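Breakdown of the fold
If you want the building blocks of each chain, they are given just below.
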Amino acid sequence: MLEKGFRIRFATNEECAMKESTGFDEGMGELGLNIEGLLRRSARQLIQQSIEDEVQVLLEEYAAVRMVDGRRAVVRNGYLPEREILTAVGPVPVQVPKVRDRSGSGVVFRSSLVPPYVRKSRSVAAALPWRYLHGVSSGRMQEALSVLLGEEAKGLSPAVLGRLKAEWAQEHAQWQRRSLQGKRYAYWWADGVYTHLRAEDDPRMCLLVIIGVTAEGKKEVVAVTDGLRESKASWLEILRDLRDRGLQEAPLLAIGDGAMGFWAALDEIYPQTRHQRCWVHKTANILNELPKRLQGKAKAALQAIWMADAREAAEKAWQAFVRDYQAKYPRAVEKLEKDRDVLLTFFDFPAEHWRHIRSSNAIESTFATVRHRSSRTKNCVSRASFLGLSFKLIQQAERRWRGIQHPERLRELFAGVMFIDGLPANETRLDPQQDAA
């Protein structure tokens, strides 16, 4: 929301008619709104001026704060790198000023026009779900978007947001029906993302997500849908649907936490897939059974297991943890021991991929945003809206994902090459003692 009279001027209909509309049509095609206005050149000038006015207000607010020598404590300090924001006429480059707080009290400038986490977005679809999921309700969407499009922007009502959410839900439904014929995945990360949102007929929603690594080493979304508390029945429905749409080849390895529903369903639909438990989840569960004074030491002991360069070294570190904590903290040891077979599976896969497959962080980091938004939204939402918004969020995140390191190793895996301690079985690991001699 613009403060103290800040306003972005819109070009009149007559002015717009005199200019090229190609850029506008291209930029607004996805939104489908009949908003006339803002030539790209004038938009840059007006938006930049509004940002400058914003920083000036901040400087005036702290004008009376002085250093011991009389100098102002909060002053201008150049600009952030140029970036783009989307307006009605397409992407517009702007520069956000920086301020320096000489007093060290932490004063920073945050422009309301250019949110810090929407970077170089070339589609309104990227900005809208971001704003919604970060706490802007449907009723305030017009207010939020007027910052970018001006208060005279037409069509930016709650009804427009409702239409957009309906389009996102439809996109998700179509995506869920896409063919998977010929697809093959090396790795899967699977997780159930719990939220505080309530469906109309269910007290709590659980978002079930699968992210996969293709044969080319690219990460992509495999499934995004809802389910009942990560139950086996919910996961079975997802996996059967994937199989029925053409995914006949089982993934080589699946990574996830200890939720039994997914693993039981996986064994039924893709029994060839090997299991790898997430070390991040496992470590947190074990540390919960220990007093805080011991958690730092215990965490280092657990890290010695999953950071070992060979299975033999991991087994020794494992035994050391059991020896040190068995007597006084048997529950902590029990939580480690029960998943022994599936916590060290990664040693049978390329060492270059270990950093990717030892945890389910690929999903956790992506959906931290969903949890943040849902913790602030206590009201009931429709199932379609929830899935559509979540789908658009992960779709935007997917564009920034990096593939796994050394994807050429995947060809060896698919060819049936066996890996021992991260190396192909036909490669000889050097004996550290012989190498030292």
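Residues numbered from 1 in each chain as written. Predicted model: local features only at pLDDT ≥ 70, side-chain atom pairs only at ≥ 80, totals over all residues. Heavy atoms only, no water.

All right, on to the overall build of the protein chain then. Tallying secondary structure elements over the protein chain gives 19 helices and 11 strands in all. Burial statistics for the protein chain: of 437 residues in total, 50% are counted as buried. Residue pairs in contact within the protein chain that sit at least 24 positions apart in sequence constitute 68% of those at least 6 positions apart. (Helix = DSSP H or I, 4+ residues; strand = E, 2+ residues; numbered from the N terminus. Buried < 20%, exposed > 50% of the residue type's maximum accessible area, 1.4 Å probe, protein only. Contact = heavy atoms within 4.5 Å.)

Turning our attention to unusual backbone geometry. It is generally the case that most residues other than glycine have a negative phi and that most peptide bonds are trans. Not every positive phi belongs to a glycine, and His406 is a case in point at roughly 50°. The residue His406 is located in the loop between helix H17 (383-398) and helix H18 (408-414) in this model. Even without being glycine, Asp421 reaches a positive phi, approximately 55°. With respect to the helices and strands, the residue Asp421 is situated in the loop between strand E10 (419-420) and strand E11 (423-424).

Another point: the packing of helix H10 (residues 292-306) against helix H11 (residues 311-325). Running from N to C, H10 and H11 cross one another at 155°; their axes reach a closest spacing of 7 Å. On the basis of the axis angle, H10 is roughly antiparallel to H11. From H10, Leu294, Lys297, Ala298, Ala301, Leu302, Ala304 and Ile305 reach across to H11, where they touch Ala314, Ala317, Trp318, Phe321 and Tyr325. Taken together, the residues that form the contact of H10 with H11 break down as 11 nonpolar, no polar and one charged. (Axes fitted to C-alpha atoms, helices over the stretch in contact; angles between N-to-C directions. Parallel < 35°, antiparallel > 145°, perpendicular 65-115°, else oblique. Nonpolar A, V, L, I, M, F, W, Y, C, P; charged D, E, K, R; others polar.)

It is worth spelling out helix H7 (residues 232-244) at this point. Along its 13 residues, H7 runs 18 Å from first to last C-alpha, staying within 8% of the 18 Å computed at 1.5 Å per residue. Listing the buried residues of H7 in full gives Ser234, Trp235, Leu236, Ile238, Leu239 and Leu242. Looking one or two places after H7, you find Gly246, whose phi comes out positive at around 115°. (Expected span 1.5 Å × (residues − 1).)

A few words now on the environment of Leu80. In this structure, Leu80 sits in the loop between strand E1 (74-79) and strand E2 (83-87). Given the relative accessible area of 39%, Leu80 is considered partly exposed. Spatially, the C-alpha atom of Leu80 lies 9.5 Å from that of Val94, the residues being 14 residues apart in sequence. Beyond its immediate chain neighbours, meaning those up to four positions away, Leu80 contacts Gln95, Val96 and Lys98.

In this section: the pairing of strand E6 (residues 206-214). Of all nine residues making up E6, nine are buried, and the element is well covered by its neighbours. Burial along E6 is two-sided: Cys206, Leu208, Ile210, Gly212 and Thr214 and Leu207, Val209, Ile211 and Val213, pointing in opposite directions, are all buried. Both E6 and strand E7 (residues 219-227) contribute to a ladder of eight bridges, which runs antiparallel. Pairing of Gly212 across the sheet is with Glu220, part of E7. Joining the antiparallel neighbours E6 and E7 is a turn of four residues, in which Gly217 adopts a positive phi near 90°. (Pairing = 2+ DSSP bridges.)

With that settled, the discussion passes to the nonpolar core. In terms of nonpolar packing, the biggest core is built from 50 residues, with Tyr187, Trp279, Ile305 and Leu336 touching the most fellow members. With six residues, the top contributor of residues to this core is H11. Residue contacts for Trp279: discarding those within four places in its chain leaves Leu302, Ile305, Trp306, Trp318, Leu336, Leu343, Leu344, Phe346, Arg358 and Ser359. Counting residues in hydrophobic clusters, the runner-up holds 23 residues, among them Leu236, Leu239, Leu242 and Ile269. (Core = buried A, V, L, I, M, F, W, Y, C linked by side-chain atoms within 4.5 Å.)

The full count for this structure, using the stated rule, is 10 aromatic pairs. With centroids separated by 5.0 Å and ring planes inclined at 70°, the aromatic side chains of Phe262 and Trp263 adopt a geometry described as edge-to-face. Here Phe262 and Trp263 have matching classes, each one buried. Their ring planes at 35° and their centres at 4.6 Å tell us that Phe321 and Tyr325 sit as a pair that is tilted. Taken together, the positions of Phe321 and Tyr325, both in helix H11 and four residues apart, correspond to about one turn of that helix. Within the aromatic cluster, the residues linked to one another by ring pairs are Tyr185, Trp188 and Tyr270. In this structure, Arg178 is placed above the aromatic ring of Trp175, and the distance from its NZ or CZ to the ring centre is 3.9 Å. Against the face of Phe346 rests Arg358, its NZ or CZ located 5.6 Å from the ring centre. (Phe/Tyr/Trp six-rings, centres within 6.5 Å; stacked < 30°, edge-to-face > 60°. Lys NZ or Arg CZ within 6 Å of the ring centre and 35° of its normal.)

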